[in-house]
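A structural walkthrough
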Amino acid sequence: MEALAAGLRALPPSCGPVRLVAVDGHAGSGKSTFAARLARALGGAPVLHLDDIATHRELFAWTDRLRAQVLDPFARGEAARYRPYDWSARRFGPARVLPPAPVVLVEGVGAGRRALRPRLARLLWMERAAEESWRRGRHRDGPGQSAFWDGWTVAETRHFAHDPSLPFADLLIRECAEGYVWLPRHLPAADPEPVRHTR
């Protein structure tokens with residue numbers, strides 16, 4: 001993880017002074033856990049969760065809000081200010097400040113969407129199949145969220161059919177018993193073995 005963090009820090013900035021790194025993948029694929037561990041390896045890098053930007057009525061129609069509240073301030077070298085959405089109260093909460101740190105992680109379904117890719121330093125994809133990811137997510141959230149998940153899987157499938165992230169990912173991240181395995185999206189023919197990393 002430290003080697004990946006060092007590589008990200010060495011990249012040129014992609015959004016003002018910020019190296020914006022997306023962690024995308026299906027809901028339930030382990031994005032939040034991986035992003036938290038990567039943030040620690042980066043010395044406490046800020047993490048923006050797209051669950052704080054999306055809403056019940058705008059599961060994927062949040063690009064303009066993200067651009068206005070986060071991307072445009074970063075591009076000017078300023079701190080971002082956004083109001084995280086409260087999924088229980090169904091309204092936006094008090095504003096939070098997101099500093100223009102050297103590396104900022106953006107994790108969530110659709111983090112690698114077309115509109116964001118020009119601002120990204122790297123796009124990481126959690127390599128777990130949709131059905132397995134959704135089973136994990138349903139188990140995590142419990143039966144009370146079953147109706148939400150029924151609608152979510154339809155919306156997610158529609159989103160990725162229209163605006164896929166996986167073909168543009170720089171690294172594929174796979175969780176395994178020892179930690180994570182990751183590999184470049186386009187492996188050289190002479191080096192087909194993925195790099196293994198422990199937690």
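Residues numbered from 1 in each chain as written. Predicted model: local features only at pLDDT ≥ 70, side-chain atom pairs only at ≥ 80, totals over all residues. Heavy atoms only, no water.

**Re the layout of surface pockets**
Quantified by volume, the largest pocket comes out at close to 700 Å³. Lining the largest pocket are 25 residues, and of these Asp51, Arg140, Asp141, Phe148 and Trp149 sit closest to its centre. Elements represented by at least two residues in the lining of the largest pocket include exactly helix H2 (31-41), helix H4 (130-141) and helix H5 (146-162). The greatest single-element share of the lining of the largest pocket, amounting to four residues, is contributed by H4. Partitioned by chemical class, the residues of the lining of the largest pocket number 10 nonpolar, nine polar and six charged. (1 Å grid on protein atoms, 1.4 Å probe; cavity = no way out; pocket = protein on both sides within 12 Å on 5 of 7 lines; lining within 4 Å. Points joined across faces, edges and corners; volume = space filled by probe spheres on them. Helix = DSSP H or I, 4+ residues; strand = E, 2+ residues; numbered from the N terminus. Nonpolar A, V, L, I, M, F, W, Y, C, P; charged D, E, K, R; others polar.)

**Overview of the confidence of the model for the protein chain**
On average, residues of the protein chain score 91 in pLDDT, and 92% of them are at 70 or above. Below pLDDT 50 for its whole length, residues 187-199 participates in 22 contacts with residues either more than four positions away or in separate chains. (pLDDT = per-residue confidence, 0-100. Contact = heavy atoms within 4.5 Å.)

**Things to note about H5**
Spanning 17 residues, H5 covers 25 Å between terminal C-alpha atoms, matching the ideal 24 Å at 1.5 Å per step. Listed in full, the buried residues belonging to H5 are Trp149, Trp152, Thr153, Ala155, Glu156, His159 and Phe160. Of the surrounding secondary structure, the elements contacted by the buried residues of H5 are strand E1 (19-24), strand E8 (120-126) and H4. (Expected span 1.5 Å × (residues − 1). Buried < 20%, exposed > 50% of the residue type's maximum accessible area, 1.4 Å probe, protein only.)

**Topic: the pairing of strand E10 (residues 179-184)**
For E10, a buried count of five out of six residues is recorded, marking the element as mostly surrounded by other parts of the structure. Hairpin geometry of strand E9 (residues 171-176) and E10 is characterised by an intervening segment of two residues between the two adjacent antiparallel strands. (Pairing = 2+ DSSP bridges.)

**Details of H4**
The terminal C-alpha atoms of H4, which comprises 12 residues, lie 16 Å apart, in line with the 16 Å expected from a rise of 1.5 Å per residue. Every buried residue belonging to H4 is among Ala130, Ser133, Trp134 and Gly137, and all of these are buried. For H4, the angular spread of the buried residues around the axis is 95 degrees, confining them to a single face. When the buried face of H4 is taken as reference, the exposed residues oriented beyond 90 degrees from it are Glu131, Arg135 and His139. Against H5 lie the buried residues of H4. Positive phi shows up at Gly142, right after H4, with a value of about 85 degrees. (Arc of directions from axis to C-beta.)

**Some remarks on the side chain of Arg113**
Here Arg113 shows up in the loop between strand E7 (103-107) and E8. Once you skip the residues sitting within four places of it in the chain, Arg113 turns out to touch Asp24, Phe60, Trp62, Thr63, His159, Asp163 and Ser165.

**Overview of the nonpolar core**
By size, the foremost hydrophobic cluster in this structure holds 37 residues, and its most contacted members are Leu66, Val70 and Phe74. Of all elements in the fold, only E1, helix H3 (63-75), strand E3 (80-82), E7, E8, H4 and H5 reach the threshold of two or more residues within this core. If we ignore the near neighbours within four places in the chain, the residues touching Phe74 are Cys15, Gly16, Pro17, Val18, Leu20, Ala80, Leu98, Pro99, Pro100 and Val104. Counting residues in each nonpolar core, the second largest holds 23 residues, with Leu11, Phe34, Leu105 and Leu171 among its members. (Core = buried A, V, L, I, M, F, W, Y, C linked by side-chain atoms within 4.5 Å.)

**Comments concerning the pattern of salt bridges**
Evaluated as defined, the whole model comprises 12 salt bridges. In this structure, Arg119 engages Asp72 in a salt bridge whose closest nitrogen and oxygen atoms are separated by 3.5 Å. Here Arg119, found in the loop between E7 and E8, pairs with Asp72, found in helix H3; they are 47 residues apart in sequence, far enough to count as distant. Exposure remark for Arg119: the relative accessible area of 22% places this residue in the partly exposed category. (Salt bridge = Lys/Arg side-chain N within 4 Å of Asp/Glu carboxyl O.)

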